[in-house]
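So you can see what is in the structure, the chains are spelled out below.
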Amino acid sequence: MLGLDDWVAGLSDGTTLLVVAGVAVVLGLRHATDPDHLAAVTTLIAGTRERATRAAAQLGLAWGLGHATSLFAFGVPIVLFKAYLPTRVEQGAETAVGLLIIALAVWLLVRWRRGLFHVHLHAHERLHAHGHVHNGDGHPHRTARARTPLQAYGIGLIHGTGGSAGVGVLLLASIHDHLMALAALAIFAVCTALSMALLSTGFGRALSSAPLRASFNRLAPALGVVSLGFGIWYALGALDLAPYFL
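Reading the values: rules and limits
- Residues numbered from 1 in each chain as written.
- Predicted model: local features only at pLDDT ≥ 70, side-chain atom pairs only at ≥ 80, totals over all residues.
- Heavy atoms only, no water.
- Helix = DSSP H or I, 4+ residues; strand = E, 2+ residues; numbered from the N terminus.
- Buried < 20%, exposed > 50% of the residue type's maximum accessible area, 1.4 Å probe, protein only.
- Contact = heavy atoms within 4.5 Å.
- Areas by Shrake-Rupley, 256 points an atom, 1.4 Å probe, with all protein chains shown as cover.
- Expected span 1.5 Å × (residues − 1).
- Bend = angle between axes of the 7 residues up to and from the residue.
- Phe/Tyr/Trp six-rings, centres within 6.5 Å; stacked < 30°, edge-to-face > 60°.
- pLDDT = per-residue confidence, 0-100.
- Patch = residues over 30% accessible without salt bridge, like charges linked within 9 Å, V, L, I, M, F, W, Y side chains within 5 Å.
- Salt bridge = Lys/Arg side-chain N within 4 Å of Asp/Glu carboxyl O.
- Axes fitted to C-alpha atoms, helices over the stretch in contact; angles between N-to-C directions.
- Parallel < 35°, antiparallel > 145°, perpendicular 65-115°, else oblique.
- Left-handed = near helix turned anticlockwise from the far one by under 90°.
- Nonpolar A, V, L, I, M, F, W, Y, C, P; charged D, E, K, R; others polar.

Chemist: Please set out the overall build of the protein chain residue by residue, giving values where relevant.
Modeler: If you tally the helices and strands in the protein chain, you get 11 helices and 0 strands. Ordering the α and β elements of the protein chain from the N terminus gives α-α-α-α-α-α-α-α-α-α-α. The 246 residues of the protein chain split such that 45% are buried. Expressed as a percentage of contacts within the protein chain between residues at least 6 apart in sequence, the contacts between residues at least 24 apart total 81%. If you sum the accessible surface of the protein chain, you get close to 12200 Å²; carbon and sulfur atoms cover 70% of it.

Okay, here's the thing in structure tokens:
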């Protein structure tokens with residue numbers, strides 16, 4: 001992925017704003033598919049069942065806007081003044097991202113352990129694939145309350161502080177024209193946010209399907225464990241401790 005970023009950013013060297021904007025769009029779209037982004041957003045929207053597609057889109061967009069806010073705030077000093085965060089601060093921010101992924105994974109596992117993802121699909125749900133749970137059979141089921149967009153925005157803010165500059169911002173900093181670099185940074189941040197909203201919408205649409213909702217109680221622990229492992233690996237890597245444990 002690093003080589004791809006280098007090649008894409010190289011296309012903007014000494015060219016017009018239109019080309020630079022195109023490069024920023026591509027970098028933003030690719031940045032949204034980074035494993036840490038996918039792990040965070042997947043666990044963020046996991047278990048969303050009521051109006052899952054819309055709810056997931058809102059959460060993904062809110063998360064993306066929070067991430068974009070941090071990305072732009074920390075990216076401006078880099079592209080204008082080549083002012084980078086102190087190594088200790090950057091390391092702490094990266095560690096915070098790993099801890100955030102761990103927290104989301106643990107909370108997913110806790111909700112699963114409490115039985116909040118246990119759903120019985122009734123006859124009318126099989127026929128119409130509606131998202132609500134019918135309680136008329138005398139077996140009330142607790143539902144997992146989705147996070148609010150404000151909470152998702154806050155999670156995105158935290159996530160964006162760690163590595164918010166990232167490879168993309170570092171490459172955009174090589175653009176000599178400051179105005180062009182700022183425009184590219186803004187496009188990069190917005191494209192990342194929109195891409196996360198689109199990805200979250202796709203996840204939500206999948207989660208709203210009756211077959212996946214019926215099997216999510218079995219899928220949730222696997223998803224939580226994988227995300228937990230990734231978060232631990234990410235945090236250890238930020239602290240340069242991964243070689244001692246892996």
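Chemist: Could you give an account of the environment of Glu 90, with specific residues and numbers?
Modeler: Position of Glu 90 relative to the elements: it lies in helix 5 (residues 87–113). Separated by 71 residues in sequence, Glu 90 and Thr 161 have C-alpha atoms that sit 8.3 Å apart.

Chemist: Just give me the short version of helix 5, but keep the residues and values in it.
Modeler: The end-to-end C-alpha separation of helix 5 is 39 Å, in line with the 39 Å expected for 27 residues at 1.5 Å each. Gly 115 occupies a position one or two residues after helix 5 and carries a positive phi of about 80°.

Chemist: Residues and numbers for the environment of Ala 173, please.
Modeler: Along the chain, Ala 173 falls in the loop between helix 8 (166–172) and helix 9 (178–207). Given a relative accessible area of 3%, Ala 173 falls into the buried group. Along the backbone, Ala 173 and Gly 75 are 98 residues apart, and their C-alpha atoms lie at a distance of 8.6 Å. Sequence-distant contacts of Ala 173, that is, excluding residues within four places in its chain, are made with Ile 78, Val 79 and Lys 82.

Chemist: I'd love a proper account of the environment of Ile 78, names of residues and values included.
Modeler: One can find Ile 78 in helix 4 (residues 52–81). With a relative accessible area of 4%, Ile 78 lands in the buried category. Along the backbone, Ile 78 and Leu 172 are 94 residues apart, and their C-alpha atoms lie at a distance of 9.1 Å.

Chemist: Which residues make up helix 10 (residues 210–238), and what values go with them?
Modeler: Relative to the 42 Å expected for 29 residues at 1.5 Å per residue, helix 10 spans 39 Å between its end C-alpha atoms, a close match to the ideal helical length. Taken as a whole, helix 10 carries its principal kink of about 60° at Phe 216. Where helix 10 terminates, the next one or two residues include Asp 240, which has phi positive at roughly 60°.

Chemist: Any details on the packing of aromatic side chains? Residues and values, ideally.
Modeler: Applying the stated rule across the entire model yields 2 aromatic pairs. For the pair Phe 230 and Trp 233, a centre-to-centre distance of 5.6 Å together with 40° between the ring planes defines the contact as tilted. With Phe 230 and Trp 233 both in helix 10 and 3 residues apart, this pair spans about one turn of that helix. Given the relative accessible area of 45%, Trp 233 is considered partly exposed. Consider the rings of Phe 230 and Tyr 234, whose centres lie 6.0 Å apart with planes at 45°: the pair is tilted. Of this pair, Phe 230 and Tyr 234 are both found in helix 10, 4 residues apart, which corresponds to roughly one turn of the helix. Exposure remark for Tyr 234: the relative accessible area of 17% places this residue in the buried category.

Chemist: Before we move on, could you go through the confidence of the model for the protein chain and cite the residues and values that matter?
Modeler: Per-chain confidence: the protein chain averages 76 in pLDDT, with 74% of residues scoring 70 or above. Across residues 120–144, where pLDDT falls below 50, the model places 39 contacts with residues more than four positions away in sequence or in other chains.

Chemist: So what about a nonpolar patch on the surface? Which residues, and what values?
Modeler: A cluster of nonpolar side chains, contributed by Leu 61, Leu 65, Val 190 and Leu 194, occupies part of the molecular surface with about 330 Å² of accessible area. Looking at the nonpolar patch, the elements with two or more residues in it are helix 4 and helix 9.

Chemist: Kindly report on the packing of helix 5 against helix 10, identifying the contributing residues and their values.
Modeler: In contact at an axis separation of 8 Å, helix 5 and helix 10 are set at 160° when each is read in the N-to-C sense. One finds that helix 5 runs roughly antiparallel with respect to helix 10. For helix 5 against helix 10, the interelement crossing comes out left-handed. Each residue belonging to the contact of helix 5 with helix 10 can be placed in one class, and the counts come to 19 nonpolar, 7 polar and 1 charged.

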